[in-house]
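Structural characterization, general
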Amino acid sequence: MHSSAIHDGLRTRRLGRPLSLYERVGSTNDVAREMAEAGAPEGAAVLAAEQSGGRGRKGRRWASPSGGLWLSVVLRPTLRLEAWRLIGFAAGVGAATALESVTGRTIQLKWPNDLILESRKVGGILVESAGGVAILGIGINVNFAHDALPEDVRRGATTILASLGRSVDLAVLTRAILEQVEYFYDLMQRDPKTVLRSWRMRSFLTGQFVQVSGLHTLEGVAEDVDDNGALLIRTASGIQPVTVGDVSVRETRAS
Ligand code: BT5
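Here the structure is a predicted model, which is why all the values come from computation and not from measurement. (Residues numbered from 1 in each chain as written. Predicted model: local features only at pLDDT ≥ 70, side-chain atom pairs only at ≥ 80, totals over all residues. Heavy atoms only, no water.)

A tally of helices and strands in the protein yields 7 helices and 12 strands. Its C-alpha radius of gyration of 18 Å places the protein within 12% of the 18 Å reference for a compact globule of 255 residues. In terms of overall dimensions, the protein has C-alpha extents of about 55 × 40 × 30 Å along its principal axes. Looking at the protein residue by residue over its 255 residues, the buried ones come to 51%. Put simply, of all contacts in the protein between residues at least 6 apart along the chain, 64% involve residues at least 24 apart. Accessible area of the protein: about 11800 Å², with a carbon and sulfur share of 48%. One finds the centroid of the 30 positive side-chain charges in the protein at a distance of 3 Å from the centroid of its 27 negative side-chain charges. (Helix = DSSP H or I, 4+ residues; strand = E, 2+ residues; numbered from the N terminus. Rg over C-alpha atoms; globule rule 2.2 N^0.38 Å. Buried < 20%, exposed > 50% of the residue type's maximum accessible area, 1.4 Å probe, protein only. Contact = heavy atoms within 4.5 Å. Areas by Shrake-Rupley, 256 points an atom, 1.4 Å probe, with all protein chains shown as cover. Lys, Arg positive; Asp, Glu negative; His and termini not counted. Charge placed at Lys NZ, Arg CZ, Asp CG, Glu CD.)

Below you can see the structure in the form of structure tokens.
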């Protein structure tokens, strides 16, 4: 793909300007970080056909075979530091809106950063901040078969091709993502409550009995996400806000 395939008709002011395309990189977040250190403006973006060292949170591996959408964007937010954690929520709402418009399927969001299609993970978001810059990474399993994923992630994961039974146009999807993420990122700086309201409407966990492993392990019913982006869990000893951690849905409530 040539970058003009994405640029032609791109309706953003900053995101994707410029956009660098690569066949294969280690991690697009590392390439974007280097671009930011060399002075790239807010919105500069990197898209790779394949990543050999894609990563998730806490250094976890992110499988990135050819046919996926592996994108990173340089952001230079002028937010209070506490508000930086909302970047991932704005990006989640934007990416979900875009993916939904291109596929016609409902996309949910699983706290803190997963895109969910038919109860399985179809994408993830990784925000890495340092030195006044946030690198926003978005990964979506698009045009590759389910068995192109490593065996240990298959059970909880899906791809657009596997779910729809057809490919989608990556240039169209990339454009939609840049446009929607820009919209919700800008909205977040003016009106974070509205972004969080949109996030809650897509929440996969709300009402489910979950187990959280983070600083502490706890179990309870996921109630809501508060205005700081914390997940609220109703436990036997009351509502507990969770700011970091991983959540799994429990099939049955432990008695
Ligand atoms: C994430 O982390 O979900 C964030 C993923 C961000 C990937 C993008 S791609 C562009 C940019 N460049 C990068 O190097 N990264 C970003 P986390 O919540 O920590 O989830 C990681 C876990 O998801 C792994 O431990 C696996 O269990 C599972 N996993 C790995 N690859 C997957 C895939 N392709 N699809 C679904 N699940 C996957």
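Inspection of the region around the ligand gives 28 residues, with S27, R55, R57, K121 and N141 positioned closest. In the environment of the ligand, a nitrogen atom lies 3.0 Å from a nitrogen or oxygen atom belonging to the side chain of Q51. Here an oxygen atom of the ligand and a side-chain polar atom of N113 are 3.5 Å apart. Alone, the ligand offers 790 Å² of accessible surface; in the complex the protein occludes 90% of this. Mapped by element, the contributors of at least two residues to the shell around the ligand are α2 (28–37), β3 (69–75), β6 (120–130) and β7 (133–140). For the shell around the ligand, the element with the most residues is β6, which contributes 4 residues. The residue makeup of the shell around the ligand, split by class, is 10 nonpolar, 12 polar and 6 charged. (Near = heavy atom within 4 Å. Polar contact = N/O pair within 3.5 Å; in protein donor to acceptor, adjacent residues only side chain to side chain. Nonpolar A, V, L, I, M, F, W, Y, C, P; charged D, E, K, R; others polar.)

This part takes up the packing of helix α3 (residues 87–103) against helix α6 (residues 170–190). Relative orientation and spacing of two packed helices are given, respectively, by the angle between their axes and the distance between those axes. Across the interface, α3 lies against α6 with an axial gap of 7 Å and an inter-helix angle of 145 degrees. The way α3 lies across α6 gives a crossing that is right-handed. Between α3 and α6, the residues in contact are I87, A90, A91, V93, G94, A95, T97, A98, L99 and V102 and V172, L173, A176, I177, Q180, V181, F184, Y185 and M188, respectively. Looking at side-chain class alone, the contact of α3 with α6 contains 16 nonpolar, 3 polar and no charged residues. (Axes fitted to C-alpha atoms, helices over the stretch in contact; angles between N-to-C directions. Left-handed = near helix turned anticlockwise from the far one by under 90°.)

Quick look at the environment of S64 now. Mapped onto the elements of the fold, S64 is located in the loop between β2 (45–51) and β3. Note: C-alpha distance between S64 and H2 (62 residues apart in sequence) is 20 Å. Excluding residues within four positions of it along the chain, S64 makes contact with E50, Q51, G54 and W70.

Another aspect to go through is the pattern of salt bridges. This model, assessed by the stated rule, comprises 18 salt bridges. R57 is the salt-bridge partner of D246, the closest N and O atoms lying 2.6 Å from each other. Here the residue D246 occupies a position in strand β12 (residues 245–249), and R57 occupies one in the loop between β2 and β3, the gap between them amounting to 189 residues. Taken together, the shared-partner salt bridges connect R13, R14, E42 and D186 into one network. (Salt bridge = Lys/Arg side-chain N within 4 Å of Asp/Glu carboxyl O.)

The subject of this paragraph is the sheet that holds strand β1 (residues 19–25). One open sheet accounts for 7 strands, arranged β1-β2-β3-β7-β6-β5-β4; its pairing is mixed. The open sheet has two edge strands, β1 and β4 (108–110), and neither has a second partner. Averaged over all pairs of adjacent strands, the angle between strand axes in this sheet comes to 20 degrees, irrespective of strand direction. With 3 bridges joining them, β4 and strand β5 (residues 114–117) adopt antiparallel strand pairing. Bridge pairing in β5 links Q108 to I116. (Pairing = 2+ DSSP bridges.)

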